[in-house]
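As a plain string of letters, each chain reads:
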Amino acid sequence: MSVTRCSLARFSLRRQRNGTPSAQGQRAEWESMADPLHSVARRLAPAFAAVAGRECDPVVRPSDRADAQANGALGLARELGSQPRAVAEAVLAAAGDLSDMLASTEVAGPGFINLVLRDGFIARELGAAMAEPTLGVTPASSVRTVVVDYSAPNVAKEMHVGHLRSTVIGDALVRMHGFLGHRVVRENHVGDWGTPFGMLIEHLVDLGEREAAHELGMGDLDAFYKEARRKFESDDGFKARARARVVALQGGDTETLRLWRTLVAESTRYFNIVYRGLDVLLTDDDLAGESKYNDLLAGIVERLDRSGLLVESDGAQVVFPEGFTNRENEPLPLIIRKGDGGYNYATTDLACVVDRVENLGADSLLYVVGAPQAQHLQMVEAVSRRAGWLDEHHVFHHVAFGSVLGSDRKMLKSRSGDAVKLAALLAEAVERAGAAVAEKNPEMSADDRADVARMVGIGAVKYSDLATDRVKDYIFDWDRMLSFDGNTAPYLQYAHARICSIFRRAGLERERVRTVVPILGDPRERTLAITLLRFDSAVHEAVDTASPHKLCTYLFDLATGFTSFYENCPVLRADDAVKTSRLALCDATARVLSAGLDLLGIRAPEQM
RNA sequence: GCCCCCGUAGCUCAGUUGGAUAGAGCAACGGACUUCUAAUCCGCAGGUCGCAGGUUCGACUCCUGCCGGGGGCGCCA
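Being a predicted model, the structure only gives us computed values, none of them experimental.

### Describing helix 5 (residues 119-130)
Here is step 1: With 12 residues, helix 5 should reach 16 Å at 1.5 Å per residue; the first-to-last C-alpha distance of 16 Å fits that figure.
Here is step 2: Inspection of helix 5 places Phe121, Ile122, Ala123, Leu126, Gly127, Ala129 and Met130 among the buried residues, and these make up the whole buried set.
Here is step 3: Residues of helix 5 that are buried make contact with helix 2 (36-52), strand 4 (112-117), helix 19 (523-533) and helix 22 (576-599).

### A few points about the protein's contact with RNA strand B
Here is step 1: Every one of the 67 residues lining RNA strand B counts as a neighbour, but Arg61, Asn114, Glu290, Lys338 and Arg498 are closest to it.
Here is step 2: Atoms of RNA strand B within 4 Å of the protein belong to the sugar or the phosphate in 53% of instances, the rest to bases.
Here is step 3: Within the contact set of RNA strand B, a base nitrogen lies 3.2 Å away from a side-chain nitrogen or oxygen of Arg327.
Here is step 4: Within the backbone of Phe484, a nitrogen or oxygen atom sits 2.4 Å from a phosphate oxygen of RNA strand B.
Here is step 5: At the level of elements, helix 3 (72-80), strand 4, strand 8 (316-319), strand 13 (474-475), helix 18 (489-506) and helix 21 (548-568) are the ones that each hand at least two residues to the surface near RNA strand B.
Here is step 6: For the surface near RNA strand B, the leading source of residues is helix 18, giving seven residues.
Here is step 7: For the surface near RNA strand B, a count of residues per class yields 25 nonpolar, 21 polar and 21 charged.

### Let's talk about the pairing of strand 6 (residues 183-187)
In regular strands, side chains alternate between the two faces of the sheet.
Here is step 1: Two strands pair when backbone bridges link them, and strand 5 (residues 145-149) and strand 6 are joined in this way by five bridges, in the parallel orientation. Residue pairing across strands places Thr145 opposite Arg183, the latter belonging to strand 6.
Here is step 2: As a crossover connection, the stretch from strand 5 through helix 6 (residues 161-179) into strand 6 is right-handed.

### Topic: the confidence of the model for chain A
Here is step 1: Mean pLDDT over chain A: 91, with 95% of residues reaching 70 or higher.
Here is step 2: Predicted confidence is poor over residues 1-29, with pLDDT under 50, and the contacts of this stretch with residues over four places away or in other chains come to 45 contacts.

### Quick notes on the pattern of salt bridges
Here is step 1: In total, this model carries 37 salt bridges according to the counting rule given.
Here is step 2: Lys421 is the salt-bridge partner of Glu158, the closest N and O atoms lying 3.7 Å from each other. Of this pair, Glu158 sits in the loop between strand 5 and helix 6 while Lys421 sits in the loop between strand 12 (404-405) and helix 15 (422-440), placing them 263 residues apart in sequence.
Here is step 3: Classification of Glu158 by relative accessible area gives buried; the value is 4%.
Here is step 4: Here Lys421 falls in the partly exposed class, since its relative accessible area comes to 28%.
Here is step 5: Where Arg186 meets Asp286, a salt bridge forms, and the shortest distance between an N and an O atom there is 3.0 Å. You can see Arg186 sitting in strand 6 and its partner Asp286 sitting in the loop between helix 11 (254-278) and helix 12 (297-306), a full 100 residues away along the chain.
Here is step 6: The exposure class assigned to Arg186 is partly exposed, which follows from its relative accessible area of 26%.
Here is step 7: Salt bridges sharing partners connect three or more residues here, namely Glu202, Asp206, Lys231, Arg241 and Arg245.

### Observations concerning the nonpolar core
Here is step 1: Within the largest apolar cluster, 152 residues are counted, with the highest numbers of intra-cluster contacts made by Leu44, Phe48, Leu200, Leu263, Leu425, Phe535 and Leu551.
Here is step 2: When we break this core down by domain, the ones giving at least three residues each are domain 1 (2-117) and domain 2 (196-281).
Here is step 3: When residues no more than four places from it in sequence are discounted, the contact partners of Leu551 are Met176, Phe535, Ala538, Val539, Ala542, Gly596, Leu599 and Leu600.
Here is step 4: In this structure, Leu304, Phe324, Val383 and Leu390 belong to the second largest nonpolar core, which totals 33 residues.

### Brief notes about the sheet that holds strand 5
Within a sheet, neighbouring strands are paired by backbone hydrogen bonds and run either parallel or antiparallel to one another.
Here is step 1: The four strands lie next to each other as 6-5-10-11, forming an open sheet whose pairing is parallel. Every interior strand has two partners, whereas the edge strands, strand 6 and strand 11 (395-398), have only one. Between one strand axis and the next, the sheet turns by 15 degrees as a mean value, whatever way the strands run.
Here is step 2: As defined by bridge partners, strand 5 adjoins strand 10 (residues 364-367) across four bridges and the pair is classed as parallel. Bridged to Asp149 within strand 10 is Tyr367.
Here is step 3: Running at roughly 160 degrees to strand 6, helix 6 makes contact with strand 5, strand 6 and strand 10 of the sheet.
Here is step 4: Docked against the sheet, helix 14 (residues 374-386) engages strand 10 and strand 11, running at close to 170 degrees with respect to strand 11.

### Comments concerning the side chain of Glu215
Here is step 1: With respect to the helices and strands, Glu215 occurs in helix 8 (residues 209-217).
Here is step 2: Lys421 provides the closest opposite charge to the buried, salt-bridge-free Glu215, at an N-O distance of 9.5 Å.
Here is step 3: Discounting residues that sit within four places of it in the chain, Glu215 has contacts with Leu207, Asp220, Ala223 and Phe224.

### Re the packing of helix 3 against helix 4 (residues 84-95)
Here is step 1: Running from N to C, helix 3 and helix 4 point in directions that differ by 110 degrees, and their axes come no closer than 8 Å. Comparing the axis directions of helix 3 and helix 4 gives the class roughly perpendicular. In this structure, helix 3 contributes Ala73, Leu74, Leu76, Ala77 and Leu80 to the contact, and helix 4 contributes Pro84, Val87 and Ala88.
Here is step 2: The class makeup of the residues in the contact of helix 3 with helix 4 is eight nonpolar, no polar and no charged.

Conventions adopted
- Residues numbered from 1 in each chain as written.
- Chains lettered and ligands numbered in written order.
- Predicted model: local features only at pLDDT ≥ 70, side-chain atom pairs only at ≥ 80, totals over all residues.
- Heavy atoms only, no water.
- Helix = DSSP H or I, 4+ residues; strand = E, 2+ residues; numbered from the N terminus.
- Expected span 1.5 Å × (residues − 1).
- Buried < 20%, exposed > 50% of the residue type's maximum accessible area, 1.4 Å probe, protein only.
- Contact = heavy atoms within 4.5 Å.
- Near = heavy atom within 4 Å.
- Polar contact = N/O pair within 3.5 Å; in protein donor to acceptor, adjacent residues only side chain to side chain.
- Nonpolar A, V, L, I, M, F, W, Y, C, P; charged D, E, K, R; others polar.
- Pairing = 2+ DSSP bridges.
- Right-handed = clockwise from strand over helix to strand, strands pointing away.
- pLDDT = per-residue confidence, 0-100.
- Salt bridge = Lys/Arg side-chain N within 4 Å of Asp/Glu carboxyl O.
- Core = buried A, V, L, I, M, F, W, Y, C linked by side-chain atoms within 4.5 Å.
- Domains from an automatic or database assignment.
- Axes fitted to C-alpha atoms, helices over the stretch in contact; angles between N-to-C directions.
- Lys, Arg positive; Asp, Glu negative; His and termini not counted.
- Parallel < 35°, antiparallel > 145°, perpendicular 65-115°, else oblique.

Listed below in structure tokens is the structure:
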């Protein structure tokens with residue numbers, strides 16, 4: 001397809017500039033079936049090719065003057081040395097009869113081709129899309145093994161808002177990739193190894209295992225960690241024991257390992273409580289902590305040494321990847337083995353790359369890690385490529401995200417100045433949502449209210465995290481995220497709940513209207529139908545750029561379109577044929593809203 | 001000092017990889033509830049897209065240089 005070829009050409013230029021493949025390279029991997037813009041582009045491509053004398057992208061885009069516009073003639077005109085409008089006319093002539101798909105085509109302005117879709121075409125396409133379990137979303141044309149590295153809390157440390165972002169964004173990416181048919185491997189790279197464990201284990205011993213387990217199990221991880229740290233800094237005897245304990249841990253001492261496992265087990269038990277509350281997919285099966293790679297580290301050093309990349313610098317074993325410099329403009333090393341013989345996180349990250357590629361068969365490596373880690377991950381990638389562990393087909397993508405800020409535009413902090421506990425944040429979200437439900441819908445039973453409060457409260461927190469460009473910082477604001485106005489989870493959920501309410505009143509099973517091809521008499525019905533068909537490309541674009549907010553923007557657009565339809569097109573009071581048609585549109589909207597929210601890890605209640 | 005990210009309406013944010021007149025939601029103002037959930041909707045306003053150059057038929061988008069904010073830059077992770 002010409003679209004594919006043109007996109008690939010653009011991508012290859014991008015790759016040369018960056019020096020590494022990017023996740024955007026997969027743009028060419030799919031050819032959307034449902035999105036009418038793609039259907040039109042496919043249909044116009046041969047006509048453009050005939051005029052251009054080569055394959056050529058018609059550049060079909062949304063338009064505010066028609067359903068779509070083809071912009072390809074403008075660029076082509078210069079290449080051909082002719083007038084853009086003449087090129088556009090020639091393309092339309094070459095395209096022949098388009099009347100099964102388009103109601104009108106018109107050359108406008110400097111050479112745009114405005115395209116109006118035929119109602120029957122839209123209705124037919126929608127019927128076909130909704131007959132599929134994927135709701136028209138095209139599966140990935142080539143299935144990749146995608147390893148997603150996300151969440152990564154630290155054992156014996158509280159989860160805070162930084163983990164919220166990684167966990168929520170990672171979970172959405174996992175769901176979206178899986179939906180497209182990719183093989184997804186979740187990896188929760190928990191911090192369960194390293195020097196802090198000396199003091200943590202000694203504190204565990206001091207406290208008594210039973211008491212320590214209780215404290216950790218209750219989720220009072222911060223107090224545990226802080227007390228260990230305090231003793232480490234103020235008590236020389238404790239410090240000496242902690243250091244000895246690190247040696248014992250690394251030496252594989254049985255009793256020390258047992259104590260260490262207790263810390264890990266109690267902490268992960270607590271993490272799981274948070275994960276369940278947060279409605280994410282992570283389980284113990286996804287744990288791939290730093291300790292897992294411990295035995296591989298010596299091998300990494302050896303392989304780097306054999307390949308001649310490893311050099312000694314200031315007593316440490318390092319690799320100098322090209323293009324990285326320090327303050328003094330000297331080459332910046334990735335430290336593989338410290339002067340004291342210990343390994344650090346760079347070594348572990350390299351071991352992860354090797355494990356994921358060689359053992360898991362990874363094609364894509366996604367790192368849902370904060371933006372400050374950019375340079376470190378670039379260096380890990382550079383060394384991995386130099387060592388030959390990654391080749392051109394491997395995608396190494398740092399899915400970077402910004403910080404969560406308070407209303408003062410500074411990093412979100414609790415009143416006491418500490419990082420905000422994630423568990424407390426989620427509890428407050430549910431409480432606030434519960435209060436709102438109680439106020440707005442007093443008839444709802446207490447049980448239902450509790451369920452809805454959880455879906456709405458957690459959904460609001462997650463959605464506000466997902467709805468904006470992840471690389472930017474975002475401002476945490478309870479009132480805004482829980483509002484039913486604007487681009488929020490409650491707004492989308494409310495649209496869904498209203499549809500469920502219509503079917504309850506109709507006394508009709510949703511499945512009954514599922515095969516209906518709708519009648520698109522009202523402009524609102526027409527717009528809604530077109531928007532429903534764009535679910536396909538919305539999901540693909542979100543996946544290609546690892547940007548869940550693109551799916552959010554689409555779902556908001558869909559909910560807005562539905563609300564407009566809802567306000568102007570009575571469903572239950574309409575004549576039979578129209579009523580059936582509108583019920584079908586309602587059902588389709590509810591399914592796409594529900595599926596879209598599900599891809600974001602958010603539930604869609606049937607009543608609110 | 002060098003590198004990376006960000007800068008769009010009073011506020012919070014989109015902007016489909018270079019297309020026509022830059023869009024939403026808050027807040028403000030004016031409207032719509034004997035109605036399928038008014039937790040909603042409609043209207044009205046609101047802009048030197050940080051600044052200045054450049055590339056071209058066309059730039060919020062690409063390039064260069066500044067300004068402002070954040071982050072990173074050798075043995076913590």
